[in-house]
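Take a look at the letters that make up each chain.
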Amino acid sequence: MPVITCIDDLKRLHKRRTPKMFYDYAESGSYTEQTFRENTTDFAQIRLNQKVAVDLTGRSTAGPMLGENRAMPVALAPVGLTGMQRADGEIKAAKAAEKFGVPYTLSTMSVCSIEDVAEHTSAPFWFQIYTLTDDDYNRRVLERARAAGCSALVITVDLQLLGQRHKDLKNGLTTPPKLTPAVLADLATKWRWGLEMLQTKRRFFGNIVGHVEMEGDTSSLAAWTAAKFDQRLDWDRIKHLMDMWGGKVILKGILNPEDAELAAATGADAIVVSNHGGRQLDGALSSLRVLPSIVQAVGNKTEVWMDSGIRSGQDVLKALALGAKGVMIGRAYIHGLGAMGEPGVTRALEVIQKELDTTMALCGETTPAALGRHNLLVPKDFFDSYS
Ligand SMILES: Cc1cc2nc3c(=O)[nH]c(=O)nc-3n(C[C@H](O)[C@H](O)[C@H](O)COP(=O)(O)O)c2cc1C
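Rules behind the numbers
- Residues numbered from 1 in each chain as written.
- Predicted model: local features only at pLDDT ≥ 70, side-chain atom pairs only at ≥ 80, totals over all residues.
- UniProt positions renumbered as here; feature names shortened; annotations may be inferred.
- Buried ≥ 20, exposed ≤ 12 C-beta atoms within 10 Å, placed from the backbone.
- Contact = placed C-beta atoms within 7 Å.
- Helix = DSSP H or I, 4+ residues; strand = E, 2+ residues; numbered from the N terminus.
- Core = buried A, V, L, I, M, F, W, Y, C linked by C-beta atoms within 7 Å.

- The name an unreviewed UniProt entry assigns to the chain is Lactate dehydrogenase, from the organism Thioclava dalianensis.
- Under the Sequence similarities (unreviewed entry) heading, UniProt states for the chain: "Belongs to the FMN-dependent alpha-hydroxy acid dehydrogenase family."
- For the record of the chain, the UniProt heading Cofactor (unreviewed entry) holds the text "FMN".

Shown next, in the form of structure tokens:
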């Protein structure tokens, strides 16, 4: 196994071992990718405050999410087409998360179905819903998630329509890929990916193909979203969905205090400050920059988490120190999966946990709960430079 010291090592292997179409799908943002870039560059602007001569024994990275103690307060975010980064990718990622002791979220747009993941895991996972115009489908998919033992519903509120990612259009992204000469030439250098893919039957949108009538191209994410995603999704419909689910709910995709107030008023158990990893509204601020204003607005009404841009344990620490009670990671574990399958996801989690532990210690802290603004050095006006 190659020596992996950081998430960037996994990213390089991911790029080398995965068809260009799917690596590009993961590693891109919408339009100019400004928000995608700033999600990571904003993390780099915040510095850490060293604290010495503290007893560091008995440290732990553990922390609760939705009231359940986890190895660290880090969940795997829902990522569409995970099963195209590696064959059976959702099953592999869910198994790695379960063994590590962190939550896994399955996307509506996954390749492996809810039932596939449930069959291969024993810990309950979370299900992320994109609502379709077909209300019957929405009701049935919630029933399937409930039957599979999913312990929380993640409702993503920032994707009623798809942000344009230029590379996906240029690459002709589909699942499974169409075997054009360019795709075949690329696959010739990704033989391991191809061999594994030949051994699985899971190559379609497992949660929806066969569960919804669709004319035309059932292999294209862009076609599905344009044809079927529910653009009527407003707070009333979100509330209705929450009532239909009847269990724990996480609202993902909040970027300002006004929406956070409305989200908290629904009674959601947690909200995720997120710009969808820079894949939706290009030009939106990074999640990190808006996090403190949202914590201040609703931090006493619901659990506030964040995602978008986390690539290290230092980043996790910065988010927690700014008031997030937990975080989600997307690309950081997808790079692990694309690089090495299930062991790669485990390695990504190990890297992040070790970085979190070491950085916490060098900041003079022994638990995530003790982290706060005192651990950070933030450029003047960092949070107030846009209004
Ligand atoms: C390739 C890819 C696919 C994604 N698909 C979904 C999805 O199906 N549902 C969803 O709610 N979010 C989706 N997201 C957003 C992630 O859940 C998460 O918000 C984002 O990845 C966080 O940013 P990060 O990748 O910088 O950690 C996707 C992100 C990526 C990178």
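Things to note about the UniProt feature "binding site: glyoxylate" (unreviewed entry) in the chain
Next, step 1: The feature "binding site: glyoxylate" (unreviewed entry), as given by UniProt, occupies Tyr25, Arg165, His276 and Arg279 in the numbering adopted here. Look at the named residues: they lie 255 residues apart in sequence, but the longest C-alpha span between them is just 13.3 Å, so in the fold they bunch up.
Next, step 2: Judged by local crowding, arginine 165 falls into the buried class, with 24 C-beta atoms found within 10 Å.
Next, step 3: In this view, arginine 165 contacts Ser28, Gly29, Ser30 and Arg279; residues no more than four positions away in its chain are not counted.
Next, step 4: Summarising the element assignment, histidine 276 is placed in the loop between β9 (270–273) and α14 (287–298).
Next, step 5: With residues up to four places along the chain from it excluded, the contact list for histidine 276 reads Asp158, Leu159 and Gly253.

Notes on the nonpolar core
Next, step 1: Counting residues in hydrophobic clusters, the biggest one holds 100 residues, and the most contacted among them are Ile271, Val273, Ala319 and Val327.
Next, step 2: Among the elements that make up this core, the one with the highest residue count is helix α17 (residues 342–362) (7 residues).
Next, step 3: Once residues lying within four places of it in the same chain are set aside, the contact partners of isoleucine 271 are Leu251, Ile254, Ala260, Ala263, Ala264, Thr302 and Val304.

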